[in-house]
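Here are the chains, one letter per residue:
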Amino acid sequence: MLVLVAPGQGAQTPGFLTPWLELPGAADRLGAWSDAIGLDLAHYGTQADADAIRDTAVAQPLLVAAGILSAAALGDISPGAVAGHSVGEITAAAYAGVLDDTAALTLVRKRGLAMAEAAAITETGMSALLGGDPEVSVAHLEKLGLTPANMNGAGQIVAAGTMEQLAALNEDKPEGVRKVVPLKVAGAFHTHHMGPAVDKLAEAAKELVPGDPNVTYVSNKDGHAVATGAEVLERLVGQVANPVRWDLCMETFKELGVTALIEACPGGTLTGLAKRALPGVKTLALKTPDDLDAARELIAEHA
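Residues numbered from 1 in each chain as written. Predicted model: local features only at pLDDT ≥ 70, side-chain atom pairs only at ≥ 80, totals over all residues. Heavy atoms only, no water.

Asks: Please clarify how unusual backbone geometry should be interpreted in this entry.
Replies: Across the chain, the bulk of peptide bonds are trans and the bulk of non-glycine residues have phi less than zero. Here the bond from Cys-265 into Pro-266 is cis, since omega is 0°, no more than 30 degrees from zero. Among the secondary structure elements, Pro-266 is positioned in the loop between β9 (260-263) and α12 (269-277). In this model, Ser-86 sits at a positive phi of 60°, which is unusual for a non-glycine residue. Tracing the sequence through the fold places Ser-86 in the loop between β2 (81-84) and α5 (88-95). Owing to a relative accessible area of 11%, Ser-86 belongs among the buried residues under this scheme. (Helix = DSSP H or I, 4+ residues; strand = E, 2+ residues; numbered from the N terminus. Buried < 20%, exposed > 50% of the residue type's maximum accessible area, 1.4 Å probe, protein only.)

Below you can see the structure in the form of structure tokens.
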């Protein structure tokens, strides 16, 4: 059983879209999406520097566009389930037929702008905790006023809050945590700090007519499979201010009988987690079009 997943913010690197735009029709598709959302995706995916693509309002549509382009290059595939980490959930909604490609890009553009605006209210950030016991770490974060914004499984939790709270965490790590790594993101995503973005995204969602998923869609909220497009959209809205439970998504993959997992471009983060949390499952990250042949072989064996 094959699972197709899409990465979240922070996976982008300068120039990562360059080789993908050499594929037939890719540049035209990206150009049409750019016109639809008023953002030059080709420029940001091929020429912009790391600081430019760190901008939340840029990074989020760029990631969704990359995820849709790279999955389309695999051809007509039939995964057993789809999921995405954070903004990758919008990519997954496109995979599942909940949103068409333009609707997905339109929604994520509004999401990125709304979250960037919310992040500007207070100086906040996120840091990854590597190692340690989840229960001990969560209790320690709450004591410091931080939110466990991403429960990623495989020994990784991402904490979010004000810069002062994160500084305190750096000086006072939870017992058993090997390292605290600041993340290159612009705010405390998936926390109460994103409350203003929820309201704006809810308004944007009213303009969309979602379809029901045509494949099992696994939600970040609780790892549950969601059966209707309306509920997928509702969860996408609320998710910006609530923790990502990728650990529970991987538990669901296990229950569904996953044997292989492919991560769309810019892949690497989620396959890394899967290698630790889903032993025996074959994984492949789409980094460049050179990975497509190996991915197709995996699809032939497992889809």
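Moving on, there is more to tell.
Asks: Sorry if this is basic, but what is going on with the sheet that holds strand β5 (residues 156-162) here?
Replies: On the basis of which strands lie adjacent, the open sheet formed by 4 strands has the order β4-β5-β3-β6 and antiparallel pairing. The strands lining the two open edges of the sheet, one partner per strand, are β4 (147-153) and β6 (177-182). On average, adjacent strands in this sheet sit at an angle of 25° to one another, irrespective of strand direction. (Pairing = 2+ DSSP bridges. Axes fitted to C-alpha atoms, helices over the stretch in contact; angles between N-to-C directions.)

Asks: Can you walk me through the nonpolar core in this structure?
Replies: Soluble globular proteins tend to pack their nonpolar side chains together in the buried interior. Leu-41, Leu-99, Leu-105, Leu-107, Tyr-217 and Ile-262 are the most contacted members of the largest nonpolar core, which totals 81 residues. Beyond its immediate chain neighbours, meaning those up to four positions away, Leu-107 contacts Ile-90, Leu-99, Leu-201, Ala-204, Leu-208, Leu-233 and Leu-236. Core analysis: the second largest hydrophobic core is formed by 17 residues, Val-5, Trp-246, Phe-253 and Leu-261 among them. (Core = buried A, V, L, I, M, F, W, Y, C linked by side-chain atoms within 4.5 Å. Contact = heavy atoms within 4.5 Å.)

Asks: Mind showing me how you'd approach the sheet that holds strand β7 (residues 216-218) here?
Replies: Sheet strands pair via backbone hydrogen bonds, and the direction of the pair is either parallel or antiparallel. On the basis of which strands lie adjacent, the open sheet formed by 6 strands has the order β8-β7-β2-β1-β9-β10 and mixed pairing. Every interior strand has two partners, whereas the edge strands, β8 (225-226) and β10 (282-285), have only one. Relative to β7, β2 is paired through 2 bridges, and the arrangement is parallel. Paired with Val-82 across the strands is Tyr-217, a residue of β7. Most of the contacts of helix α11 (residues 246-256) go to β7, to which it runs at about 150°, and overall it touches β1 (2-6), β2, β7 and β9.

Asks: Please clarify how the layout of surface pockets should be interpreted in this entry.
Replies: To locate leftover empty space, one rolls a probe as large as a water molecule over the atoms. Considering only enclosed or pocket space, the largest pocket measures out at about 650 Å³ in volume. Lining the largest pocket are 33 residues, with Gln-9, Gly-10, Ala-11, Leu-183 and Val-185 positioned closest to its centre. Only α3 (50-54), α6 (101-119), β3 (124-131), β4, β5, β6 and α12 provide two or more residues apiece to the lining of the largest pocket. Across the lining of the largest pocket, the residue classes tally to 16 nonpolar, 13 polar and 4 charged. Of the pockets and cavities examined, the second largest pocket occupies roughly 250 Å³. Those elements giving two or more residues to the lining of the second largest pocket turn out to be α4 (56-72) and α5. Looking at which element gives the most residues to the lining of the second largest pocket, the answer is α4, with 3 residues. Its residues assigned to classes, the lining of the second largest pocket shows 10 nonpolar, 3 polar and 2 charged. (1 Å grid on protein atoms, 1.4 Å probe; cavity = no way out; pocket = protein on both sides within 12 Å on 5 of 7 lines; lining within 4 Å. Points joined across faces, edges and corners; volume = space filled by probe spheres on them. Nonpolar A, V, L, I, M, F, W, Y, C, P; charged D, E, K, R; others polar.)

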